Structures are given as structure tokens and as C-alpha cells.
Amino acid sequence: MSATTSTATSTTSSESTPSAAAPGAAVSAVAEKVGWGPVPEAGPPWWTRLARGLASAATAAVTGCRAAVERPVTLAEGLELARRGDWTTSEHPMVRQVAVAHFWLVQAPALLVAGVVGWSARTPGRLWTLGPLLVTVASVLNEIPLVGVLVPECVTWSYWTPTWLSVWLSGASAGGAS
């Protein structure tokens, strides 16, 4: 009788194994019987795969970008490089004079403006302070005869001032001359 009991126990345990297994196995068995083939494992949703793909593409793009991995050049270092770079060490005196003039007329002002814009863009307070300062400096430079030609009208106070305020500031009154 003990042999019959052990056989019944083993039969019961083998019958309960497929239904006690993971529900995915039962679904996979049904799909194979119907002819759909094996059911793939459930992976992450499509938006997760898209986000991971975009993140890896952005990381690969930034990794090769020198500006993203190196410390930016300070304004003093940029000016020093422009003044004493390899291109300024010519032995010919005329080429050297042109290089020095190019530094003072083109590179130094461009580096100075770029440095101030970069410094001001770090915080909103600096940016909002630089706007009126820039308009004030441009308005003053516009009054210098030769330099005023280079200053665009749209960055001066006269362009941004309302007409009623410019009339009031010019000293004209509604009552006429007294």
C-alpha cells in the first residue's frame, strides 16, 4: 500500500508543476499550440527604450566635444594666447605688426565681449543687469562721431525710449516757450 501512495503523490506533484509555474510559461505553451511561436520576454516600454537611446546618443555626441570635457579658457588666458600665440612670432616685422594690430583691433574686443556675455549668462541677475548697462554703453559710444557709425540704432536708449519720455527729457513743454 505504501508503493501505491508514493506513486499517487508523485503523479499529483507532476500534474501541478505546469500550472504552478509562472503564468508566462502557460501563455507561452498556449501560444505555441496555436502556432504563434514563442512569446518574447516583456522588456521595458517603448518610451524607456527611446529615452535610453537618446541618452546614449547625447552622451556619445558630448564625449567628443572638447568644450564639454575641458575647462573653458578664462578671458586673461584667451588674451594671452591671442597676444603671444604661434601665429604672432613671425620674424618679418611687417607680419608681426599686422598680427599685433589684428590682436588689438579684432581679437581683444571680440574676446572681451564674449567674456562679458559668458560671465553674465551664468545667472539671471547678471543677465538682467548687463542689458541696461549694454544699452547705456552703446548710447555713449553712439555719440562719438567715428565710433557711432559702428553702433546699431537698436541698441541705444533713443531707440527704446517711448516718445512721451523723449519729449519730456528734451525739455519741450506743452505750454510752449516762456
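Residues numbered from 1 in each chain as written. Predicted model: local features only at pLDDT ≥ 70, side-chain atom pairs only at ≥ 80, totals over all residues. Heavy atoms only, no water.

Brief notes about the overall build of the protein
The secondary structure content of the protein amounts to 9 helices and 0 strands. Listing every helix and strand of the protein by position from the N terminus yields α-α-α-α-α-α-α-α-α. For the protein, with 178 residues in total, the buried portion stands at 10%. Once local pairs closer than 6 in sequence are excluded, the contacts in the protein between residues at least 24 apart make up 18%. (Helix = DSSP H or I, 4+ residues; strand = E, 2+ residues; numbered from the N terminus. Buried < 20%, exposed > 50% of the residue type's maximum accessible area, 1.4 Å probe, protein only. Contact = heavy atoms within 4.5 Å.)

Let's talk about the packing of aromatic side chains
Applying the stated rule across the entire model yields 2 aromatic pairs. Judged by centre distance (5.8 Å) and plane angle (85 degrees), the rings of Trp46 and Trp47 are edge-to-face. Note on Trp47: relative accessible area 51%, which makes it exposed. Ring centres of Phe103 and Trp104 lie 4.7 Å apart, and the angle between their planes is 75 degrees; on these two criteria the pair is classed as edge-to-face. Since its relative accessible area comes to 4%, Phe103 is described here as buried. A relative accessible area of 54% means that Trp104 is categorised as exposed. (Phe/Tyr/Trp six-rings, centres within 6.5 Å; stacked < 30°, edge-to-face > 60°.)

What about the packing of helix H5 (residues 75-84) against helix H6 (residues 93-120)?
Put simply, H5 and H6 touch, their axes get as near as 9 Å, and they point 165 degrees apart. With respect to their mutual orientation, H5 and H6 come out roughly antiparallel. Considering only the axes of H5 and H6, their crossing is right-handed. Seen from H5, the contacting residues are Leu75, Gly78, Leu79, Ala82 and Arg83; seen from H6, they are Arg96, Phe103, Gln107, Ala108, Leu111, Leu112 and Gly115. (Axes fitted to C-alpha atoms, helices over the stretch in contact; angles between N-to-C directions. Parallel < 35°, antiparallel > 145°, perpendicular 65-115°, else oblique. Left-handed = near helix turned anticlockwise from the far one by under 90°.)

Regarding the confidence of the model for the protein
Averaged over every residue, the pLDDT of the protein is 75; residues scoring 70 or more account for 69%. Low pLDDT (under 50) marks residues 1-20, which in the prediction has 0 contacts with non-local residues, meaning those over four places away or in another chain. (pLDDT = per-residue confidence, 0-100.)

Quick look at the layout of surface pockets
The volume enclosed by the largest pocket comes to roughly 520 Å³. Lining the largest pocket are 16 residues; nearest its centre among them are Val113, Leu134, Val137, Ala138 and Leu141. Secondary structure elements with two or more residues in the lining of the largest pocket: H6 and helix H7 (124-142). When residues in the lining of the largest pocket are grouped by element, the largest group, 6 residues, is from H7. (1 Å grid on protein atoms, 1.4 Å probe; cavity = no way out; pocket = protein on both sides within 12 Å on 5 of 7 lines; lining within 4 Å. Points joined across faces, edges and corners; volume = space filled by probe spheres on them.)

Looking at the side chain of Ser120
Checked against the element boundaries, Ser120 lands in helix H6. A relative accessible area of 1% places Ser120 in the buried class. From its side chain, Ser120 meets the backbone oxygen of Val117 in a polar contact 3.0 Å long. Not counting chain neighbours up to four residues away, the residues in contact with Ser120 comprise Arg126, Leu127 and Leu130. (Polar contact = N/O pair within 3.5 Å; in protein donor to acceptor, adjacent residues only side chain to side chain.)

Points about the packing of H6 against H7
Two elements in contact, H6 and H7, have axes whose closest approach is 8 Å; the angle formed by their N-to-C orientations is 135 degrees. With respect to H7, the element H6 is oriented oblique. Residue-level inspection shows Val116, Trp119 and Ser120 of H6 in contact with H7, the latter providing Arg126, Leu127 and Leu130. Along the lines of polarity and charge, the residues of the contact of H6 with H7 split into 4 nonpolar, 1 polar and 1 charged. (Nonpolar A, V, L, I, M, F, W, Y, C, P; charged D, E, K, R; others polar.)

Here's the deal with a nonpolar patch on the surface
Taken together, the side chains of Leu133, Val137, Leu141, Ile144, Leu146 and Val147 present a nonpolar region at the surface, about 520 Å² in accessible area. Tracing the sequence through the fold places Leu146 in the loop between H7 and helix H8 (157-160). (Patch = residues over 30% accessible without salt bridge, like charges linked within 9 Å, V, L, I, M, F, W, Y side chains within 5 Å. Areas by Shrake-Rupley, 256 points an atom, 1.4 Å probe, with all protein chains shown as cover. Salt bridge = Lys/Arg side-chain N within 4 Å of Asp/Glu carboxyl O.)

Observations concerning the side chain of Thr156
Mapping Thr156 onto the fold places it in the loop between H7 and H8. Among the polar contacts listed, one links the side chain of Thr156 to the backbone oxygen of Glu153, at a separation of 2.8 Å. In contact with Thr156, not counting residues within four places along its chain, are Val135, Ala138, Ser139, Asn142 and Val151.

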